[in-house]
Structures are given as C-alpha cells and as structure tokens.
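Report on the structure
In case you want the letters, here they are:
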Amino acid sequence: MRVLITGGAGFIGTHIVDTLLARGHEVVSYDAVLASAHSRPPRAARPGERLLVGDVRDPEGVAAALAGVDAVCHQAAMVGLGKDFADAPSYVGCNDLGTAVLLAAMARAGVRDLVLAGSMVVYGEGRYVCARHGVVRPGPRAETDLAAGRFEPRCPSCGAELAPGLVAEDAPVDPRNVYATTKLAQEHLSAAWARSTGGRAVSLRYHNVYGPGMPRDTPYAGVAALFRSALARGAAPRVFEDGGQRRDFVHVRDVAAAGATALESVRDAGAGSFTAYNTGSGDPHTVGEMARALAEAHGGPAPVVTGEYRLGDVRHVTADSARLRAALGWRPEVGFAEGMREFAGVALR
Ligand SMILES: NC(=O)c1ccc[n+]([C@@H]2O[C@H](COP(=O)([O-])OP(=O)(O)OC[C@H]3O[C@@H](n4cnc5c(N)ncnc54)[C@H](O)[C@@H]3O)[C@@H](O)[C@H]2O)c1
Ligand SMILES: [Zn+2]
C-alpha cells in the first residue's frame, strides 16, 4: 500500500518509514523540518521513499502529497513542554490546525484510513489507588508541595500516600499542559473526521519513546535525550524531583512496528470508528533508574538528583498496553536494559 507519513523526517517518523519500506510498502514523507526539531538539515530520502518538505497547515501541499495514497500516518507535531506559554500558538497551529487541514484534505481526496501518533500525556496524572478510597484521581500538584520536596500526589479524600497503577485507554483524560491539550484535540478531530466521512482512525498513545535518532538537547526534547546529551558532553544527567517519577520507556523500533501493523490493519476497523491504544513496553521504570542505566552504560558521570521541578510535569504515568497486544498481536521486543545500553552508544539527531 502507499502510505503518507507526516513528520516523516522526525525521530519516530523516520523509524516508521524504515519499517514500512522493509515490509514492502510505498512511502511518501511530508515534513516541514521545523527548526525546533532539527538542528541540522534533514536526513536524505531512503531508497524508495519520496521525501517532501512541506507544512501540514498548507492545504495545497497536503493535497499534492495525498495523491494516490491509501492510508495516512500522522506523526507531524511540535513535541515536548516547550520554553514557556508563549509557544502555545505554535503548538496549537502545528498540532491542531495542522491536523484539521490534513483531515479536510483526506476527506476531499477520499482517503479513509488514519493512524495518529497519540500520546500518554492525555491522561494527566496516571492511575492511583488509595488503600481506603480505591481508585482516585489526584488533581495537579500544588507548587508549595513541589517546592517543599513533597512530590507524591496524595489522596484527594484523605491525604494518604497513593500506590501508582497502570492506565488503560478508558481512563479519564486530563491534559495538564499546552502540548497535552493539542494531542487530545488531535484525537477528537480524528474521531469527528471518521464519523463524518466513514473513515477509520486509530490513535497509538505512545508512552516515553527513546532510541537512535532522538533529537538532542532542546526544550522540546524528551528526558532520555536530555540525559544522553549531558553524558555526551561529559556532564552528569540532572534528575528532577527525587528521581522517583515512574514512566514507561518504550523503544522506537517497537513503536514503529506498532505503527506499521496499525496501518496494515486499520482498514478492517468499522467505518466511522476511532480506537485508541496505549503503546508502551509494559515494564515501568523510574526516571532515576533510567538515568543510572544510561550513565552506567556510557561509563559515567553518575546522575545528580536536583529536586528541581516543572509545574506541567506529572508524577507517574505508566501504560497498560494489553489492548494493543490483543487487537494487533503486537509485542515489544527491546527490553529496558538492552535498549538503554544501545541508546548510550548511538548518535542523536
Ligand atoms: N517522542 C516521544 O516520546 C513521543 C511520545 C508521545 C507521542 N509522540 C508523538 O509522536 C510524533 C512524532 O514525535 P517525535 O518524537 O518523532 O518528534 P520529532 O520532533 O522528532 O518529529 C516530529 C516531526 O514533525 C515535523 N513537524 C512539526 N510540525 C510540522 C508541521 N506543521 N508540518 C509538517 N511537519 C511538521 C517536525 O519537523 C519533525 O520532523 C508526534 O506527533 C509526537 O506528539 C512522541
Ligand atoms: Zn484516600
């Protein structure tokens, strides 16, 4: 099949391109090569790939890229927390206006199959259990608590410490920052498009993706890239809070395999459907453990725990990816220790 990948020159998009080409599909990539994501010119086109430079907010560019396409894999987005709130219009423009322009062009072109890069950020603070009150949803953490080093969210009813659990797709959404808000709006737009066109949309809610080709040290980069960049400079990774934040670190090759498999099967979904799948390794680790694993594999220096915090960060969010495993037969193949050892030695973008 012929697939259009928006954001195809990016970190995850590039791995999806390679996976699709290896599985014998035709690939058209479409990427604006944003300066916030690319410190250098983009990679060269792969043999068999058409790599177009263009913006998803540009209706003509998108319409041209859609010619002859069977399915769209929408990866283009501004990622990360950004510098400050002044970035909000750029996030909303690229991520939500861009998605609306793309979906409108797909509606006109009769392209009915969409796989969206979703994100675990839609869940906000993950899933917690209070010994007395069962499953609870703590609100955003107060700055006074964070400043005093009280990082764990507390039970909203009794104030007790909570046990973090795995979030499933039916967990309530609760985006806590601009980026998270735009990722949730992308899903709602995709669901609305599917209903009104008879299309089929799948959102893969990636957890913390890492691996070769990750963008280096910018305010838009993920924590694994920040640690990896520090180590490459000979500096200690700086771990915020107390390092006890739990995340699901999933390898980019596993995410790319999930994307390709979703593209191959999305046309079997019902007309007008929207389905979200958590895409995680199922093996949660703390940010502190990740820093130590990377630093050890790199041969030092050891991480420092700084107690710094960011108001938009959540404490714990870890995935239950059982639905994706059951529906698509997908299995993550790169384990945490092996993946971090590899990541400590590879080049960043
Ligand atoms: N990296 C993660 O851990 C993670 C986690 C959850 C979700 N995601 C999602 O995965 C997708 C890919 O992210 P990534 O980590 O590869 O980031 P990335 O920055 O490496 O890739 C995104 C690409 O999109 C392009 N882009 C941005 N705005 C565009 C626009 N308006 N028009 C055309 N191209 C545009 C950028 O130039 C970049 O090449 C994004 O949708 C992101 O929200 C990533
Ligand atoms: Zn309680």
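Just so we're clear, the structure is a prediction, and the values are computed from it rather than from any experiment.

Let us look at the site of ligand 1. Ligand 1 sits among 31 residues. The nearest are Ile12, Asp31, His38, Tyr179 and Lys183. The separation between a nitrogen atom of ligand 1 and a polar side-chain atom of Asp55 is 3.0 Å. A distance of 2.9 Å separates an oxygen atom of ligand 1 from a polar atom in the backbone of Gln75. Protein chains shield 95% of the accessible area of ligand 1, which is 820 Å² for the free molecule. Of all the secondary structure elements, the ones that give two or more residues to the shell around ligand 1 are helix 1 (11-22), strand 5 (113-119), helix 5 (178-197) and strand 10 (208-210).

What follows deals with the coordination of the zinc ion (ligand 2). Taken together, Cys130 (SG), His133 (ND1), Cys155 (SG) and Cys158 (SG) make up the full set of protein donors to the zinc ion (ligand 2), lying 2.1 to 2.3 Å away. Seen from the zinc ion (ligand 2), its four donor atoms lie at angles of 107 to 115 degrees, and the figure they make is tetrahedral. A relative accessible area of 2% places Cys130 in the buried class.

This part covers the side chain of His207. Relative to the helices and strands, His207 is located in the loop between strand 9 (200-206) and strand 10. Not counting chain neighbours up to four residues away, the residues in contact with His207 comprise Met120, Val167, Asp248, Val250, Asn278, Thr279, Gly280, Val317, Thr318 and Ala319.

Right, let's get into the sheet that holds strand 7 (residues 134-136). If you trace the four strands from one edge of the open sheet to the other, you get 7-6-8-17, paired in mixed fashion. Sheet topology places strand 7 and strand 17 (318-319) at the edges, where each strand pairs with a single neighbour. Bridge analysis of strand 6 (residues 127-130) against strand 8 (residues 163-167) gives three bridges, and the strand direction is antiparallel. Bridge pairing links Val129 to Ala163 in strand 8.

Let's shift gears to the packing of helix 6 (residues 223-232) against helix 10 (residues 336-345). For the pair helix 6 and helix 10, the least separation of the axes is 10 Å and the interaxial angle reads 50 degrees. When the axis of helix 6 is compared with that of helix 10, the two are oblique. Once helix 6 is placed against helix 10, the crossing between them reads as right-handed. Contact residues: Ala224, Ala225 and Arg228 in helix 6; Phe343, Ala344 and Gly345 in helix 10. Considering only residue class, the contact of helix 6 with helix 10 consists of four nonpolar, one polar and one charged.

On inspection of all chains with the given rule, the structure shows three aromatic pairs. Judged by centre distance (5.9 Å) and plane angle (70 degrees), the rings of Tyr210 and Phe343 are edge-to-face. Taken as a pair, Tyr210 in strand 10 and Phe343 in helix 10 lie far apart in primary sequence, 133 residues in all. Accessibility classification places Tyr210 together with Phe343 in one group, the buried group.

Moving on to the UniProt feature "domain: NAD-dependent epimerase/dehydratase" (unreviewed entry) in the protein chain. Cross-referencing UniProt, the feature "domain: NAD-dependent epimerase/dehydratase" (unreviewed entry) maps to residues 3-127 and 169-273 in the present numbering. Between the first and last C-alpha atoms of residues 3-127 the distance is 35 Å; the span itself is 33% helix and 22% strand.

In contact at an axis separation of 8 Å, helix 8 (residues 287-298) and helix 10 are set at 55 degrees when each is read in the N-to-C sense. Relative to helix 10, the element helix 8 lies oblique. Where helix 8 crosses over helix 10, the two elements pack in a sense that is right-handed. Facing helix 8, whose interface residues are Glu289, Met290, Ala293, Leu294, Ala297 and His298, helix 10 presents Phe336, Met340, Arg341, Phe343 and Ala344. For the contact of helix 8 with helix 10, the per-class residue count stands at eight nonpolar, one polar and two charged.

A word on the environment of Tyr128. Mapping Tyr128 onto the fold places it in strand 6. Residues Tyr128 and Asp320 lie 192 residues apart in sequence; the distance between their C-alpha atoms is 13 Å. Polar side-chain contacts of Tyr128 include one of 2.6 Å to the side chain of Glu125. Polar contacts involving the side chain of Tyr128 include one to the main-chain amide nitrogen of His316, which spans 3.4 Å.

Moving on, we get to the environment of Gly54. Its place among the elements puts Gly54 in the loop between strand 3 (49-53) and helix 2 (59-65). Along the chain, Gly54 and Asp31 lie 23 residues apart, while their C-alpha atoms are 5.4 Å from each other. For Gly54, the contacting residues outside a window of four places in its chain are Tyr30, Asp31 and Ala32.

This part covers helix 1. Given a rise of 1.5 Å per residue, twelve residues ought to cover 16 Å, and the 17 Å separating the end C-alpha atoms of helix 1 matches this to within 8%. Three or more residues of helix 1 are buried, namely Phe11, Ile12, Gly13, Thr14, His15, Ile16, Val17, Thr19 and Leu20. Gly24, located one to two residues past helix 1, shows a positive phi value of around 90 degrees.

With that settled, consider the pattern of salt bridges. Should their charged atoms come close, side chains of opposite charge can pair. Summed over all chains, the structure comprises 19 salt bridges. Residue Arg238 pairs with Glu308 through a salt bridge whose shortest N-O separation is 2.9 Å. Here Arg238 is found in strand 11 (residues 238-239), whereas its partner Glu308 is found in the loop between strand 16 (304-305) and strand 17, with 70 residues between them in sequence. Using a relative accessible area of 49% as the deciding quantity, one classes Arg238 as partly exposed. Relative accessible area serves as the criterion here: at 32%, Glu308 is assigned to the partly exposed category. Among the salt bridges present, the one from Arg253 reaches Glu342, with a minimum N-O distance of 3.0 Å. Separated by 89 residues along the polypeptide, Arg253 in helix 7 (residues 252-265) and Glu342 in helix 10 bring together distant segments of the chain. Judged by relative accessible area, which is 38%, Arg253 ranks as partly exposed. For Glu342, a relative accessible area of 26% gives the class partly exposed. The structure contains a network of salt bridges with shared partners spanning Arg141, Glu152, Glu241, Asp242 and Arg315.

Rules and cut-offs
Residues numbered from 1 in each chain as written. Chains lettered and ligands numbered in written order. Predicted model: local features only at pLDDT ≥ 70, side-chain atom pairs only at ≥ 80, totals over all residues. Heavy atoms only, no water. Near = heavy atom within 4 Å. Polar contact = N/O pair within 3.5 Å; in protein donor to acceptor, adjacent residues only side chain to side chain. Areas by Shrake-Rupley, 256 points an atom, 1.4 Å probe, with all protein chains shown as cover. Helix = DSSP H or I, 4+ residues; strand = E, 2+ residues; numbered from the N terminus. Donors = N, O, S within 2.8 Å, 3.2 Å for Na, K, Ca; no water. Tetrahedral: all angles 85-135°; square planar, octahedral: opposite > 155°, others 65-115°. Buried < 20%, exposed > 50% of the residue type's maximum accessible area, 1.4 Å probe, protein only. Contact = heavy atoms within 4.5 Å. Pairing = 2+ DSSP bridges. Axes fitted to C-alpha atoms, helices over the stretch in contact; angles between N-to-C directions. Parallel < 35°, antiparallel > 145°, perpendicular 65-115°, else oblique. Left-handed = near helix turned anticlockwise from the far one by under 90°. Nonpolar A, V, L, I, M, F, W, Y, C, P; charged D, E, K, R; others polar. Phe/Tyr/Trp six-rings, centres within 6.5 Å; stacked < 30°, edge-to-face > 60°. UniProt positions renumbered as here; feature names shortened; annotations may be inferred. Expected span 1.5 Å × (residues − 1). Salt bridge = Lys/Arg side-chain N within 4 Å of Asp/Glu carboxyl O.

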